[in-house]
Amino acid sequence: MGKAELIGSGLFAVLLGLPLVWGPSGAAHSHASRELWSKPLVARDLRQIKKDTLRVLVLADPLTWEQRPGAMTGLEWELLERFAKRQHLKVKAVPVADRDSMLVMLQEGRGDVIAAQLSSTGWTAPYTHHTQPYRMVAGMYARPRAIQSGSNDQQTSLDTVTVSVWSPFLDSLQHSTVADSSIVLRIVDQRPEELLARSALGKVPALLVSDATANMEAKRLPLVEFGPRVGASVPLVFAVRTNADHLLHALDTWLAVASEREARKAITTAYNNGLDTRGPMRSFSALAFGGDTISPYDSLFQVHADSLTWDWRLLAAVAFKESRFDTAALSYAGAGGLMQMMPTTALRMGVTAEGGVNGHIEGASRYLDQLDRIWRKEIPDPAQRLKFVLAGYNAGPGHVKDAQRLAKELGLASDRWDGNVERAIVLLNRPQYFTRPCVRTGYCRGQDTYWYVRDVVKMYAWLNGKKPH
């Protein structure tokens, strides 16, 4: 096996000179403290839970439990909600930040089930009973995606691979292909979700995550690239107290029900597909109607582009990306028409139904010019400013300003899109970032904006005779 480093608070702590044992976090503990998490301290099984509430101890992670605007999501949480409904139980999520606390709370009865993407032989195994598997996962590498500055981007090396203490693969790493003598395994006391965000910022060279995480995050974190798979697949399970036999039996019975297996497969597939709404890009050549014509609306684009810093082809590129030149297009968010303007924005720009396509293009041109004025002094470089303008058109200027403030907090350049503000806006779909005081307009599907800017810039370059990379 390669060399391993343990990094994190308390991992080498010596407690008051007492005899030490190793706890589930990898930290040193006294024998007295071990009593808090090694065995049940209450008699609480399904009968008692039915009179109260099923309390699920959760890891804050998109595949376990995540608090989002107006909803709680997470694959494991959704599955256990289904179990609770089947058993006619009230259910509550209890987020827990570290593994020791999670076990203590379980054994003390402050929680009844641990949902933390556990392997059947992982850190809970010596102290709990676990259910039958609900899915299998394999390991996969995750690395920061190179910021394009040309066609010769270099892939990050794998000299050091970071692994979270929460990883379901820790106990099997010695049997994995990761066990290369040239690789240092850096084991850290951070959640996989936190490490992936740091990877998106270019601060973690290489991670080991699950393929389930890769499938989920590939679309939410386009600045991280995933692959290849490594090692054997491991089963994921839920954990309960060793004296909660009836709860364990009920969970196993539920997992075996054919209709629940089908539902579980459908829910898992939905999470595997991520949260992306980016439509497929047609070939750039599909834009050409013949000769020098781009669309049926070229003359209107030309008329209304006089006020723009960029030429009329920008309006054409935006229209194609927004609606594929369909004047009747309507988005899931309520944006409509050729230029897909939100009703409130259209009203502010003076767009009315009576104005038709001409009025719609005029309003979009006016809005792009307004966005350009927001960043004109701050970002004098037209190529960089165009990306802020397009981001503002897609997400709204408030979210882009949030991303600039967040970028500054993260030590990134707030006046440069490439590799800086684009990294920050991608993180605005994650609670640990969109809840920060500097973020004034909250949650944003930043991954959509990231792709939107790239697609329109490429299209605009192509329309101006520059072959896109």
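Remember, it's a predicted structure, so these values are computed and weren't measured experimentally.

**Examining the overall build of the protein chain**
Turning to step 1, where the next piece is worked out: The secondary structure content of the protein chain amounts to 17 helices and 14 strands.
Turning to step 2, where the next piece is worked out: Across the 469 residues that make up the protein chain, the buried fraction comes to 53%.
Turning to step 3, where the next piece is worked out: Long-range pairs, those at least 24 residues apart, make up 71% of the contacts in the protein chain between residues at least 6 apart in sequence.

**A few points about the nonpolar core**
Turning to step 1, where the next piece is worked out: Ranked by size, the top nonpolar core spans 73 residues in total, and within it Phe301, Met339, Met341, Tyr393 and Leu427 carry the most contacts.
Turning to step 2, where the next piece is worked out: Every residue in contact with Tyr393, bar those within four places of it in the chain, is listed here: Val318, Glu322, Met339, Met341, Ala364, Tyr367, Leu368, Leu371 and Tyr452.

**Quick word on the packing of helix α3 (residues 75–87) against helix α8 (residues 258–272)**
Turning to step 1, where the next piece is worked out: Viewed as axis vectors pointing N to C, α3 and α8 meet at an angle of 155°, and their least axial separation amounts to 10 Å. As judged from the angle between their axes, α3 and α8 are roughly antiparallel. Like other packed secondary-structure pairs, α3 and α8 cross with a definite hand, here right-handed. Here α3 contributes Leu75, Glu78, Leu79, Arg82 and Arg86 to the contact with α8, which in turn contributes Glu260, Ala263, Arg264, Ile267, Thr268 and Tyr271.

**What to know about the environment of Asp381**
Turning to step 1, where the next piece is worked out: Counting through the fold element by element, Asp381 comes out in the loop between α12 (356–375) and α13 (382–395).
Turning to step 2, where the next piece is worked out: Looking at Asp381, the relative accessible area reads 38%, which means it is partly exposed.
Turning to step 3, where the next piece is worked out: Through-space distance from the C-alpha of Asp381 to that of Asp415 is 9.7 Å; in sequence the pair is 34 residues apart.

**Quick notes on the environment of Ser414**
Turning to step 1, where the next piece is worked out: In this structure, Ser414 sits in the loop between α14 (397–409) and α15 (417–426).
Turning to step 2, where the next piece is worked out: Given a relative accessible area of 22%, Ser414 falls into the partly exposed group.
Turning to step 3, where the next piece is worked out: Expressed as a C-alpha distance, the spacing of Ser414 and Lys401, which sit 13 residues apart in the sequence, is 9.1 Å.
Turning to step 4, where the next piece is worked out: If near-sequence neighbours (up to four positions away) are discounted, Ser414 is found in contact with Glu378, Phe388, Gln404, Ala407, Lys408 and Val421.

**Some thoughts on the confidence of the model for the protein chain**
Turning to step 1, where the next piece is worked out: Per-residue confidence for the protein chain gives a mean pLDDT of 83, with 82% of residues at or over 70.
Turning to step 2, where the next piece is worked out: Confidence drops under pLDDT 50 across residues 149–154; counting only partners more than four residues distant or on other chains, this segment forms four contacts.
Turning to step 3, where the next piece is worked out: Note that pLDDT drops below 50 for residues 275–285; the model gives that stretch 28 contacts with residues more than four away or on any other chain.

**Re the pattern of salt bridges**
Side chains carrying opposite charge are able to pair once their charged atoms draw close together.
Turning to step 1, where the next piece is worked out: Inspection of the entire model under this criterion finds 27 salt bridges.
Turning to step 2, where the next piece is worked out: In this structure, Arg313 and Asp311 form a salt bridge, with 3.4 Å as the shortest nitrogen-oxygen distance.
Turning to step 3, where the next piece is worked out: Judged by its relative accessible area of 25%, Arg313 falls in the partly exposed class.
Turning to step 4, where the next piece is worked out: With relative accessibility at 26%, the residue Asp311 sits in the partly exposed group.
Turning to step 5, where the next piece is worked out: Residue Asp455 pairs with Lys321 through a salt bridge whose shortest N-O separation is 2.8 Å. Placement of Asp455 in helix α17 (residues 446–463) and of Lys321 in helix α10 (residues 312–323) is noted, with a sequence separation of 134 residues between them. For the pair Asp455 and Lys321, a shared accessibility class is recorded, and that class is buried.

**Quick look at unusual backbone geometry**
Turning to step 1, where the next piece is worked out: Cis geometry is adopted by the peptide bond preceding Pro228, which originates at Gly227 and carries an omega value of 0°.
Turning to step 2, where the next piece is worked out: Looking at where Pro228 falls in the secondary structure, it is placed in strand β14 (residues 224–240).
Turning to step 3, where the next piece is worked out: The phi dihedral of His88 is positive, around 60°, even though this residue is not glycine.
Turning to step 4, where the next piece is worked out: Mapped onto the fold, His88 is located in the loop between α3 and β7 (91–95).
Turning to step 5, where the next piece is worked out: For His88, a relative accessible area of 72% gives the class exposed.
Turning to step 6, where the next piece is worked out: For Arg324, which is not a glycine, the phi torsion comes out positive at approximately 55°.
Turning to step 7, where the next piece is worked out: Residue placement: Arg324 occurs in the loop between α10 and α11 (343–348).
Turning to step 8, where the next piece is worked out: Since its relative accessible area comes to 25%, Arg324 is described here as partly exposed.

**Some points on empty space enclosed by the protein**
Turning to step 1, where the next piece is worked out: Summed over the entire model, instances satisfying the criterion amount to one cavity of 30 Å³ or more.
Turning to step 2, where the next piece is worked out: Together, 17 residues line the largest cavity, and Ser167, Pro168, Pro192, Ser210 and Thr213 are the ones closest to its centre.
Turning to step 3, where the next piece is worked out: Those elements that provide at least two residues to the lining of the largest cavity are β8 (113–119), α5 (192–200) and β13 (207–210).
Turning to step 4, where the next piece is worked out: Considering every element that reaches the lining of the largest cavity, the biggest residue donor is β13, with four residues.

**Section: helix α4 (residues 99–107)**
Turning to step 1, where the next piece is worked out: Taking burial as the measure, the nine residues of α4 include eight buried ones, the bulk of the element.
Turning to step 2, where the next piece is worked out: Here α4 has its buried residues at Arg99, Asp100, Met102, Leu103, Val104, Met105, Leu106 and Gln107.
Turning to step 3, where the next piece is worked out: Here α4 starts with a cap whose side-chain oxygen sits 3.3 Å from the backbone nitrogen of Asp100, and that cap is Asp98.
Turning to step 4, where the next piece is worked out: Following α4 by one or two positions, Gly109 has its phi on the positive side, about 85°.

**A look at the side chain of Arg385**
Turning to step 1, where the next piece is worked out: Tracing the backbone shows Arg385 in helix α13.
Turning to step 2, where the next piece is worked out: A polar contact of 2.6 Å, which involves the side chain of Arg385, links it to the side chain of Asp372.
Turning to step 3, where the next piece is worked out: If sequence neighbours within four positions are ignored, Arg385 has contacts with Thr309, Trp310, Asp372, Trp375, Arg376, Ile379 and Pro380.

**Remarks on the packing of aromatic side chains**
Turning to step 1, where the next piece is worked out: Tallied over the entire structure, the rule returns nine aromatic pairs.
Turning to step 2, where the next piece is worked out: Relative to Phe238, the ring of Tyr134 lies with its centre 5.0 Å away and its plane at 10°, an arrangement referred to as stacked. Remark: Phe238 occurs in strand β14 and Tyr134 occurs in the loop between β9 (129–130) and β10 (135–144); sequence separation between them is 104 residues.
Turning to step 3, where the next piece is worked out: Geometrically, the ring pair formed by Tyr367 and Tyr393 is tilted, given 5.7 Å between the ring centres and 45° between the ring planes. A residue pair is termed long-range when its members are at least 10 positions apart, and Tyr367 in helix α12 and Tyr393 in helix α13 qualify at 26 residues.
Turning to step 4, where the next piece is worked out: Following the ring pairs from residue to residue traces out a cluster consisting of Trp375, Phe388 and Trp417.
Turning to step 5, where the next piece is worked out: Lying across the ring of Phe320, Arg324 places its NZ or CZ 4.9 Å from the centre.

Definitions and cut-offs
Residues numbered from 1 in each chain as written. Predicted model: local features only at pLDDT ≥ 70, side-chain atom pairs only at ≥ 80, totals over all residues. Heavy atoms only, no water. Helix = DSSP H or I, 4+ residues; strand = E, 2+ residues; numbered from the N terminus. Buried < 20%, exposed > 50% of the residue type's maximum accessible area, 1.4 Å probe, protein only. Contact = heavy atoms within 4.5 Å. Core = buried A, V, L, I, M, F, W, Y, C linked by side-chain atoms within 4.5 Å. Axes fitted to C-alpha atoms, helices over the stretch in contact; angles between N-to-C directions. Parallel < 35°, antiparallel > 145°, perpendicular 65-115°, else oblique. Left-handed = near helix turned anticlockwise from the far one by under 90°. pLDDT = per-residue confidence, 0-100. Salt bridge = Lys/Arg side-chain N within 4 Å of Asp/Glu carboxyl O. 1 Å grid on protein atoms, 1.4 Å probe; cavity = no way out; pocket = protein on both sides within 12 Å on 5 of 7 lines; lining within 4 Å. Points joined across faces, edges and corners; volume = space filled by probe spheres on them. Polar contact = N/O pair within 3.5 Å; in protein donor to acceptor, adjacent residues only side chain to side chain. Phe/Tyr/Trp six-rings, centres within 6.5 Å; stacked < 30°, edge-to-face > 60°. Lys NZ or Arg CZ within 6 Å of the ring centre and 35° of its normal.

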